[in-house]
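Here is what each chain is made of, one letter per residue.
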Amino acid sequence: MLRTLILAASRSEALERLVETAPLSRDVVRRFVAGTTPDDALRVTRRLVGEGLTVTLDHLGEDTTRPGQAEATKDAYLAILAALGTQGLTPAAEVSLKLSALGQRFDEKLAYEHARAICQAAGNAHTTVTLDMEDHTTTDSTLEILTKLRKDFPGTGAVVQAYLRRTEADCRELAHTGSRVRLCKGAYAEPESVAYQSKLDVDRSYVRCLNTLLAGNGYPMFATHDPRLIGIGEERARWYDRNQDSFEFQMLYGVRPDEQRRLARAGYTMRVYLPYGTEWYAYLVRRLAERPANLAFFLRALRSRG
Ligand code: FDA
């Protein structure tokens, strides 16, 4: 109930204006976001890579409604990819992309063309792109665009969400040689008709999908902070005789940093999802919905500065 309410807030423009203009402690945002500029993103990437972690950079923004905005997002990705390449941060750093930020909601062809340009720039910089997954109304369109992109850019990564009832079948389709697949629980408010509602059902689905991906020939990327699921991932990877370089773990910047370093020290590839940019509101609200303790932290900071 609280999660649904908080997620509804992520779509409220009035609340977005209120929060963005409140004299928020920079620390609240900085805990989960590298900063607002490309230089901030590059600086934090360099630090994380220096600590033995790998990175996927996300230029914040979603649900774009204007072609000009979509074009600006594409240009931002081209610029950061060029900088990552020239600063020697690839292939340790790749990028994650929301197709809705490239115009998917009003012109799928435009979003595809922009995504192609970004995949090309990633290839030139010797790295890859992963297509984030958004709410369930976009799943088919995103997977169709992924299939088209993979014809020329086979390293393009997919994301699947364990809370969706369809995802086990999607994992079977995607578990083929060369296929990079990020498995996450899912971060949007979804109806019962398409998504499991209880934590237990979502976790069970996650384990079924994890097994399907490990049993296949692709490259699974387990994106979770859940200690139980990470333990199951480690154990099942041994059971399926997977080398440590044939799969990876992923976590969000600012969440369980000690566990991120433990996994890297244990020899796993540990990739940190690192958002940057000025449009941090919806991203931050989804993080708050995941953990009420974060909400208390956020409200305390608002009150102390407000
Ligand atoms: P869960 O939320 O059940 O948390 C398990 C435990 O982890 C908690 O008990 C707590 O200890 C810790 N924890 C979790 N979240 C925390 C937080 N915010 N702060 C502090 N501790 C926390 N979703 C999506 O729909 N589409 C996408 O493309 C992506 N992409 C993506 C990439 C990467 C790299 C990650 C890690 C996650 C995503 N997600 C996502 C988000 C994902 O769907 C999910 O909402 C979050 O990862 C939280 O789920 P957990 O698996 O961590 O479990």
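Now for a description of the structure that goes with this document. On a predicted model such as this, the values are computed, not experimentally measured, just so you know. (Residues numbered from 1 in each chain as written. Predicted model: local features only at pLDDT ≥ 70, side-chain atom pairs only at ≥ 80, totals over all residues. Heavy atoms only, no water.)

### Observations concerning the pairing of strand β6 (residues 219-223)
Okay, step 1: When you tally the buried positions in β6, you get five out of five residues, the bulk of the element.
Okay, step 2: Here β6 shows no split at all, with Y219, M221 and A223 on one side and P220 and F222 on the other all buried.
Okay, step 3: In this structure, strand β5 (residues 180-184) lies alongside β6, joined through four bridges in parallel fashion. Opposite V181, over in β6, you have P220 as the bridge partner.
Okay, step 4: Taken together, β5, helix α9 (residues 199-215) and β6 constitute a β-α-β crossover, and its handedness is right-handed.
Okay, step 5: For β6 and strand β7 (residues 248-252), the ladder comprises three bridges, and the chain directions are parallel. (Buried < 20%, exposed > 50% of the residue type's maximum accessible area, 1.4 Å probe, protein only. Helix = DSSP H or I, 4+ residues; strand = E, 2+ residues; numbered from the N terminus. Pairing = 2+ DSSP bridges. Right-handed = clockwise from strand over helix to strand, strands pointing away.)

### What about unusual backbone geometry?
Okay, step 1: Note that the residue after T90, namely P91, is joined by a cis bond; omega there is 0 degrees.
Okay, step 2: Examined against the element boundaries, P91 turns out to sit in the loop between α5 (67-86) and β2 (93-97).
Okay, step 3: Although it is not a glycine, D241 sits at a positive phi angle of roughly 60 degrees.
Okay, step 4: Examined against the element boundaries, D241 turns out to sit in the loop between α10 (227-239) and β7.
Okay, step 5: Here D241 falls in the exposed class, since its relative accessible area comes to 69%.

### Here's the deal with the site of the ligand
Okay, step 1: Close contacts around the ligand come from 24 residues, with K185, G186, T224, H225 and E290 the closest.
Okay, step 2: Residue M133 places a main-chain N or O atom 2.8 Å away from a nitrogen atom belonging to the ligand.
Okay, step 3: Between the ligand and R182, the relevant distance is 3.3 Å, taken from a nitrogen atom to a side-chain nitrogen or oxygen of the residue.
Okay, step 4: About the coverage of the ligand: the protein hides 87% of its 930 Å² of free accessible area.
Okay, step 5: Judged by the fraction of its atoms near the pocket grid, the ligand is located in the largest pocket. (Near = heavy atom within 4 Å. Polar contact = N/O pair within 3.5 Å; in protein donor to acceptor, adjacent residues only side chain to side chain. Areas by Shrake-Rupley, 256 points an atom, 1.4 Å probe, with all protein chains shown as cover. 1 Å grid on protein atoms, 1.4 Å probe; cavity = no way out; pocket = protein on both sides within 12 Å on 5 of 7 lines; lining within 4 Å. Sits in = over half its atoms within 2 Å of the grid points.)

### A few points about the packing of aromatic side chains
By convention here, two paired aromatic rings are described through the distance between centres and the angle between planes.
Okay, step 1: Under the definition given, this model contains seven aromatic pairs.
Okay, step 2: Pairing F222 with F247 gives two aromatic rings, centres 6.3 Å apart and planes at 50 degrees, and the pair type is tilted. With F222 in strand β6 and F247 in the loop between α10 and β7, the pair connects residues that are 25 residues apart, well separated along the chain.
Okay, step 3: Ring centres 6.2 Å apart and planes at 50 degrees place the aromatic pair F222 and F249 in the tilted group. You can see F222 sitting in strand β6 and its partner F249 sitting in strand β7, a full 27 residues away along the chain.
Okay, step 4: One aromatic cluster in this structure is built from F222, F247, F249 and Y268.
Okay, step 5: Positioned above the aromatic ring of Y112, the side-chain terminus of K148 is 4.1 Å from the ring centre. (Phe/Tyr/Trp six-rings, centres within 6.5 Å; stacked < 30°, edge-to-face > 60°. Lys NZ or Arg CZ within 6 Å of the ring centre and 35° of its normal.)

### Quick look at the packing of helix α4 (residues 38-50) against α5
Okay, step 1: Two numbers describe how α4 lies on α5: the axes approach to 11 Å, and their chain directions differ by 35 degrees. For the pair α4 and α5, the sense of crossing is right-handed. Together, P38, A41, L42 and T45 of α4 and I80, A83 and L84 of α5 make up the contact between the two elements.
Okay, step 2: Residue composition of the contact of α4 with α5, by class: six nonpolar, one polar and no charged. (Axes fitted to C-alpha atoms, helices over the stretch in contact; angles between N-to-C directions. Left-handed = near helix turned anticlockwise from the far one by under 90°. Contact = heavy atoms within 4.5 Å. Nonpolar A, V, L, I, M, F, W, Y, C, P; charged D, E, K, R; others polar.)

### Quick look at the layout of surface pockets
Okay, step 1: Empty space within the largest pocket amounts to approximately 1,200 Å³.
Okay, step 2: If you go around the largest pocket, you meet 43 residues; those closest to its centre are K185, G186, A187, R287 and E290.
Okay, step 3: Broken down by secondary-structure element, the contributors of at least two residues to the lining of the largest pocket are α1 (2-9), β4 (158-161), β5, α9, β7 and α12 (281-290).
Okay, step 4: The residue inventory of the lining of the largest pocket, partitioned by class, reads 18 nonpolar, 10 polar and 15 charged. (Points joined across faces, edges and corners; volume = space filled by probe spheres on them.)

### Let's talk about the nonpolar core
Okay, step 1: By size, the foremost hydrophobic cluster in this structure holds 65 residues, and its most contacted members are L57 and L183.
Okay, step 2: At seven residues, helix α6 (residues 108-124) tops the list of elements feeding residues into this core.
Okay, step 3: Residue contacts for L57: discarding those within four places in its chain leaves A41, T45, Y77, I80, L84, E94, V95, S96, L274 and Y276.
Okay, step 4: Formed by 12 residues, the second largest nonpolar core is a distinct cluster that contains L252, Y273, L284 and V285. (Core = buried A, V, L, I, M, F, W, Y, C linked by side-chain atoms within 4.5 Å.)

### Describing the state of the cysteines
Okay, step 1: All chains considered together, the criterion is met by zero disulfides.
Okay, step 2: Counting only cysteine sulfurs, C171 is the nearest neighbor of C209, a cysteine outside any disulfide, at a range of 3.9 Å. (Disulfide = S-S within 2.5 Å.)

Keep in mind these numbers describe shape, not what the thing actually does.
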